Amino acid sequence: MIWISAIIRIVVCFLPQNNWTSEEGNRKLSVIRNTVFAVTGIGMIILYAVSGNMYDLHMNRMVAAIIISFGCYIPVTLWSKTKPKIGLLMIPKTCAYMWVIVMGLQLLF
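Quick notes on the rules
- Residues numbered from 1 in each chain as written.
- Predicted model: local features only at pLDDT ≥ 70, side-chain atom pairs only at ≥ 80, totals over all residues.
- Heavy atoms only, no water.
- Helix = DSSP H or I, 4+ residues; strand = E, 2+ residues; numbered from the N terminus.
- Contact = heavy atoms within 4.5 Å.
- Areas by Shrake-Rupley, 256 points an atom, 1.4 Å probe, with all protein chains shown as cover.
- Expected span 1.5 Å × (residues − 1).
- Buried < 20%, exposed > 50% of the residue type's maximum accessible area, 1.4 Å probe, protein only.
- Polar contact = N/O pair within 3.5 Å; in protein donor to acceptor, adjacent residues only side chain to side chain.
- Axes fitted to C-alpha atoms, helices over the stretch in contact; angles between N-to-C directions.
- Parallel < 35°, antiparallel > 145°, perpendicular 65-115°, else oblique.
- Nonpolar A, V, L, I, M, F, W, Y, C, P; charged D, E, K, R; others polar.
- Core = buried A, V, L, I, M, F, W, Y, C linked by side-chain atoms within 4.5 Å.
- Patch = residues over 30% accessible without salt bridge, like charges linked within 9 Å, V, L, I, M, F, W, Y side chains within 5 Å.
- Salt bridge = Lys/Arg side-chain N within 4 Å of Asp/Glu carboxyl O.
- Phe/Tyr/Trp six-rings, centres within 6.5 Å; stacked < 30°, edge-to-face > 60°.
- Lys NZ or Arg CZ within 6 Å of the ring centre and 35° of its normal.

## Concerning the overall build of the protein
Part 1 of the reasoning: Within the protein one finds four helices and zero strands.
Part 2 of the reasoning: Walking the protein from its N terminus toward its C terminus, one meets helices and strands in the order α-α-α-α.
Part 3 of the reasoning: The contacts of the protein with a sequence gap of at least 6 include a subset with a gap of at least 24, amounting to 52%.
Part 4 of the reasoning: For the protein, the accessible area works out to roughly 7800 Å², and carbon and sulfur atoms hold 73% of it.

## Here's the deal with helix H2 (residues 27-51)
Part 1 of the reasoning: An ideal rise of 1.5 Å per residue puts 36 Å on 25 residues; H2 measures up with 36 Å between its terminal C-alpha atoms.
Part 2 of the reasoning: Residues of H2 that are buried: Leu29, Ser30, Arg33, Asn34, Val36, Thr40, Gly41 and Gly43.
Part 3 of the reasoning: Packed against the buried residues of H2 are helix H1 (2-14) and helix H3 (61-79).
Part 4 of the reasoning: Where H2 starts, the residue carrying a side-chain oxygen 3.1 Å from the main-chain nitrogen of lysine 28 turns out to be asparagine 26.

## Remarks on unusual backbone geometry
Part 1 of the reasoning: A positive phi angle is found at asparagine 19, which is not glycine, with a value near 55°.
Part 2 of the reasoning: With respect to the element layout, asparagine 19 can be found in the loop between H1 and H2.

## Considerations on the packing of H2 against H3
Part 1 of the reasoning: H3 packs onto H2 with a crossing angle of 170° between their chain directions and a minimal axis gap of 9 Å. The pairing of H2 with H3 is recorded here as roughly antiparallel in orientation. On H3, the residues that touch Arg27, Asn34, Phe37, Ala38, Gly41, Met44, Ile45, Tyr48 and Ala49 of H2 are Met62, Val63, Ile66, Ile67, Phe70, Tyr73, Thr77 and Leu78.
Part 2 of the reasoning: When its residues are assigned to classes, the contact of H2 with H3 shows 13 nonpolar, three polar and one charged.

## Some remarks on the nonpolar core
Part 1 of the reasoning: Counting six residues, the largest nonpolar core is built from Met59, Met62, Ala65, Ile66, Phe70 and Met103.
Part 2 of the reasoning: Considering every element that reaches this core, the biggest residue donor is H3, with four residues.
Part 3 of the reasoning: In contact with methionine 59, not counting residues within four places along its chain, are Tyr48, Gly52, Asn53, Met103 and Leu107.

## Points about the side chain of serine 69
Part 1 of the reasoning: The topology assignment puts serine 69 in helix H3.
Part 2 of the reasoning: Beyond its immediate stretch of four places on either side in the chain, serine 69 contacts Lys93, Ala96 and Tyr97.

## Some details on a nonpolar patch on the surface
Part 1 of the reasoning: Together, Met54, Tyr55, Leu57 and Leu107 make up a nonpolar patch on the protein surface, roughly 450 Å² of accessible area in all.
Part 2 of the reasoning: Its location among the elements puts tyrosine 55 in the loop between H2 and H3.

## Concerning the packing of aromatic side chains
Part 1 of the reasoning: Following the criterion strictly, the structure yields two aromatic pairs and no others.
Part 2 of the reasoning: Ring geometry for phenylalanine 37 versus tyrosine 73: centroids 5.4 Å apart, planes at 80°, classification edge-to-face. Note that phenylalanine 37 is positioned in helix H2 and tyrosine 73 in helix H3, a separation of 36 residues in sequence.
Part 3 of the reasoning: Overall, the relative accessible area of 15% leaves tyrosine 73 in the buried class.
Part 4 of the reasoning: Joined through ring pairs, the aromatic side chains of Phe37, Phe70 and Tyr73 make up one cluster.
Part 5 of the reasoning: Sitting over the face of the ring of phenylalanine 37, arginine 9 holds its NZ or CZ atom 4.5 Å from the ring centroid.

Right, here's the structure in full:
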């Protein structure tokens, strides 16, 4: 499910109808892109929730980081055009991504 949704998102992102260079963009493709992205996120949450503690790796904390990330990303994608200050939610989203990287690096060292 994760691989399929990731491939679909990549294909949709490459479509020229996205109008990446215009201010208007394409609302329909934006909804499709972000819905597929949410499916990927839900798949990752399920994956880490089910197998996060396997082999005593303590990766179940990844669930919290992914939820924080999506919790901050979704409002930005929905309302950033009408309320630009909501874009500040990208800061905690980025912090959640950094937490994911730290958790991943802890597995190496």
